Amino acid sequence: ARDWDRFRNLFTPEARLIPSGKNADGVTGFRILTPDDYVTSAGQRLEQLGFHEVEINRHTETYGSLVHVWSTYESYHSKTEEKPFARGINSIQLIHDGSRWRILHIYWLGETAENPLPTQYLPAKK
């Protein structure tokens, strides 16, 4: 189960979530969703199939109240899975509204065989 009220509270009223990728015809596209659209379109599926996202690397740039985060993720159906079913990068823009940080946009692209994650967005090798 998800705490969708808490999820919605992370965003500005004008926030957008933007998944992108290629369709079956190989054409790159995107969808623009509000947080409520995301809950309506993906919420039930996430709860049925399970979804757990782990950030494996982060690069943050800040200028005053503006923050841009490149967040590399791995997606799992459960916390006990050892191998992710997907990986990709979230491009997240945040704003400090004077009292707290809020998300303006999350735009993401999943990794594919033809578009592997760039080395600079992966964890440093130990």
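Calculation notes
Just so you know, the residues in each chain are numbered from 1, in the order the chain's sequence is written. Thresholds applied to this predicted model are a pLDDT of at least 70 for local features of residues and 80 or more for the giving and counting of side-chain atom pairs; totals over whole chains, interfaces and linings are not thresholded and use all residues. Side-chain numbers come from the whole structure's heavy atoms, not from hydrogens or water. Ring pairs are drawn from Phe, Tyr and Trp, using the six-membered ring of Trp, whenever the two centres fall within 6.5 Å, and their geometry is named by plane angle: stacked under 30 degrees, edge-to-face over 60, tilted for the rest. A run of H or I in DSSP becomes a helix once it reaches four residues, and a run of E becomes a strand once it reaches two; helices and strands are each numbered from the N terminus. Each residue is assigned to one of three classes by its accessible area relative to the maximum for its type, calculated with a 1.4 Å probe on protein chains only: buried under 20%, partly exposed between the two thresholds, exposed over 50%. When a carboxyl oxygen of Asp or Glu lies within 4 Å of a side-chain nitrogen of Lys or Arg, that pair is called a salt bridge. As used in this record, nonpolar core signifies buried Ala, Val, Leu, Ile, Met, Phe, Trp, Tyr and Cys residues forming a set joined through side-chain atoms within 4.5 Å. We call two residues in contact when some of their heavy atoms are within 4.5 Å. In short, DSSP must find at least two bridges between two strands for them to pair. Axes here refer to lines fitted to C-alpha atoms; in helices the fit is confined to the stretch in contact. Angles between the N-to-C directions go from 0 to 180 degrees.

## Quick word on the packing of aromatic side chains
So, step 1. Enumeration over the complete set of coordinates arrives at six aromatic pairs.
So, step 2. Seen from their ring centres, Trp4 and Phe7 are 5.3 Å apart, and the 90 degrees between their planes marks the pair as edge-to-face. Linking Trp4 with Phe7, this pair stays in helix α1 (residues 4-9), spanning three residues, or about one helical turn. Note on accessibility: Trp4 and Phe7 belong to one class, buried.
So, step 3. Ring pairing ties together the aromatic residues Trp4, Phe7, Phe11, Tyr38 and Trp108, which thus form one cluster.

## What to know about the pattern of salt bridges
So, step 1. Inspection of the entire model under this criterion finds seven salt bridges.
So, step 2. The partner of Glu55 in a salt bridge is Arg58, with the nearest N and O atoms 2.7 Å apart.
So, step 3. Its salt-bridge partner being Arg87, residue Glu111 comes within 2.8 Å of it at the nearest N-O pair. Residue Glu111 is located in the segment after β6 (101-110), and its partner Arg87 is located in strand β5 (residues 86-96); the two are separated by 24 residues in the primary sequence.
So, step 4. Given the relative accessible area of 24%, Arg87 is considered partly exposed.
So, step 5. One salt-bridge network, held together by shared partners, links Asp5, Arg8 and Asp36.

## Section: the nonpolar core
So, step 1. By size, the foremost hydrophobic cluster in this structure holds 18 residues, and its most contacted members are Phe7, Phe11, Leu17 and Tyr38.
So, step 2. Elements supplying a minimum of two residues to this core: α1, β1 (11-22), α2 (35-49), β4 (66-76), β5 and β6.
So, step 3. Among all residues touching Phe7, those that are not within four sequence positions of it are Leu17, Pro35, Tyr38 and Val39.

## Quick look at the sheet that holds β6
So, step 1. Ordered in space as β2-β1-β6-β5-β4-β3, the six strands form an open sheet in which the pairing is mixed. Since the sheet does not close on itself, it has two edges, and those belong to β2 (28-30) and β3 (52-63), each with one partner. Neighbour to neighbour, the strand axes of the sheet diverge by 20 degrees on average, direction disregarded.
So, step 2. As defined by bridge partners, β1 adjoins β6 across six bridges and the pair is classed as parallel. Paired with Ser20 across the two strands is Leu109, which belongs to β6.

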